[in-house]
Amino acid sequence: MTDPIADYLTRLRNAIRAGHRVVDIPGSKMKREITKILFDQGYILNYKFIDGPTPSGTIKIALKYDPVDHVCAIENLQRVSRPGLRQYTGYKEMPRVKNGLGIAILTTPQGVMTNKEAKERKIGGEVLCYVY
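Counting restarts for each chain: residues are numbered from 1 in the order of the written sequence. At least 70 in pLDDT is required for a residue's local features to be given in this predicted model, at least 80 for side-chain atom pairs to be given and counted, and no such filter applies to totals for whole chains, interfaces and linings, which use all residues. By convention in this description, side-chain values take in all heavy atoms of the structure and omit both hydrogens and water.

**As for the packing of aromatic side chains**
For Phe, Tyr and Trp, where Trp contributes only its six-membered ring, two rings pair if their centres lie within 6.5 Å, and the inter-plane angle classes them as stacked under 30 degrees, edge-to-face over 60, or tilted in between. Under the counting rule described, the total for this entry stands at two aromatic pairs. For the ring pair Phe 39 and Tyr 47, a centre distance of 5.2 Å and an interplane angle of 75° mean the geometry is edge-to-face. Each residue is placed in one exposure class: buried if its accessible area under a 1.4 Å probe, protein chains only, is under 20% of its type's maximum, exposed if it is over 50%, and partly exposed if it falls in between. Its relative accessible area of 32% is what places Phe 39 among the partly exposed residues. Since its relative accessible area comes to 23%, Tyr 47 is described here as partly exposed. Measuring from centroid to centroid gives 5.1 Å for Tyr 47 and Phe 49, while their planes differ by 45°, and the two rings are tilted. Site record: aromatic cluster; members linked through ring pairs are Phe 39, Tyr 47 and Phe 49. Positioned over the ring face of Phe 49 is Arg 32, at 4.5 Å from the centre of the ring. Cation placement over rings: the criterion is NZ of Lys or CZ of Arg within 6 Å of the ring centroid and within 35° of the ring normal.

Encoded structure:
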């Protein structure tokens, strides 16, 4: 696998389109941090890190759906930076996703964080993905 973040996003996207409530994803440190951000921002219902046969374990994610409409809280996941074309941004040119309604997840020298948090701390980094 050449791009584990794209694989993570694709597994989430496929589970949402199939209407699954829970999805299992092979873990890594970066994926764990992205999962924590998605939970803190209210895009997923819950998550659990499971140690298993692989060294990095598995991440079990419970997707969040509207109880009335059965629409997922995540409308779209879009990979921005990729191995063939890295996308970096400074804090002054921080991307706004859906006019501030969505989030961009960045990896910075101070760790993985949202675009809003990076702008507050006045640091830039590599834009991993957009979530809205």
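**Side note on the packing of helix H1 (residues 4-18) against helix H2 (residues 29-40)**
Where H1 contacts H2, the two axes come as close as 10 Å, and the packing angle between them is 40°. In terms of orientation, H1 and H2 fall into the oblique class. Here H1 runs over H2; the crossing is right-handed. For the pair H1 and H2, the contacting residues are Pro 4, Ile 5, Asp 7, Tyr 8 and Leu 12 in the first and Met 30, Lys 31, Ile 34, Thr 35 and Leu 38 in the second. The residue inventory of the contact of H1 with H2, partitioned by class, reads seven nonpolar, one polar and two charged. Note on method: axes are straight lines fitted to C-alpha atoms, helices fitted across the in-contact stretch only, with angles between N-to-C directions ranging 0 to 180 degrees. Numbering goes from the N terminus for both helices and strands, where a helix is a DSSP run of H or I of at least four residues and a strand is a run of E of at least two. Oblique is the label for every angle not falling under 35 degrees (roughly parallel), over 145 degrees (roughly antiparallel), or within 65 to 115 degrees (roughly perpendicular). Crossing handedness is read from the near helix: turned anticlockwise from the far helix by less than a right angle, it gives a left-handed crossing, and turned clockwise, a right-handed one. Residue contacts are counted whenever heavy atoms from the two residues lie within 4.5 Å of one another. Polar here means any residue outside two lists: the nonpolar Ala, Val, Leu, Ile, Met, Phe, Trp, Tyr, Cys and Pro, and the charged Asp, Glu, Lys and Arg; Gly therefore counts as polar.

**Quick notes on the side chain of Arg 79**
Assignment of secondary structure puts Arg 79 in strand S4 (residues 77-79). On the basis of relative accessible area, Arg 79 is assigned to the buried category, the value being 18%. In protein, a polar contact means a hydrogen-donor-capable atom and an acceptor-capable atom, both N or O and within 3.5 Å, with residues adjacent in sequence counting only if both atoms are side-chain atoms; elsewhere, any N or O pair within 3.5 Å suffices. Separated by 2.9 Å, the side chains of Arg 79 and Asp 3 make a polar contact. A polar contact is formed between the side chain of Arg 79 and the backbone oxygen of Ser 81, at a distance of 2.6 Å. Not counting chain neighbours up to four residues away, the residues in contact with Arg 79 comprise Asp 3, Ile 5, Ala 6, Leu 9, Arg 86, Leu 128 and Cys 129.

**What to know about H1**
End to end, H1 covers 21 Å across 15 residues, agreeing with the expected 21 Å (1.5 Å per residue, within 8%). Among all positions in H1, only Ile 5, Asp 7, Tyr 8, Leu 9, Leu 12, Ala 15 and Ile 16 are buried. Structurally, H1 contributes buried residues whose contacts are with strand S1 (22-26), H2, strand S3 (58-63), S4 and strand S8 (125-131). A positive backbone phi angle near 80° is found at Gly 19, which sits one or two residues after H1. Expected helix span is taken as 1.5 Å per residue step, with the number of steps being one fewer than the number of residues.

**Structural notes on the pairing of S8**
Here S8 lies mainly inside the structure; six of its seven residues are buried. Direction of pairing for strand S5 (residues 88-89) relative to S8: antiparallel, over a ladder of two bridges. Counterpart to Tyr 88 in the pairing with S8 is Glu 126. Between any two strands, pairing holds if DSSP finds at least two bridges. Pairing of strand S6 (residues 103-108) with S8 involves five bridges; the strand directions are antiparallel. When the bridges of S8 are listed, Ile 105 appears paired with Cys 129.

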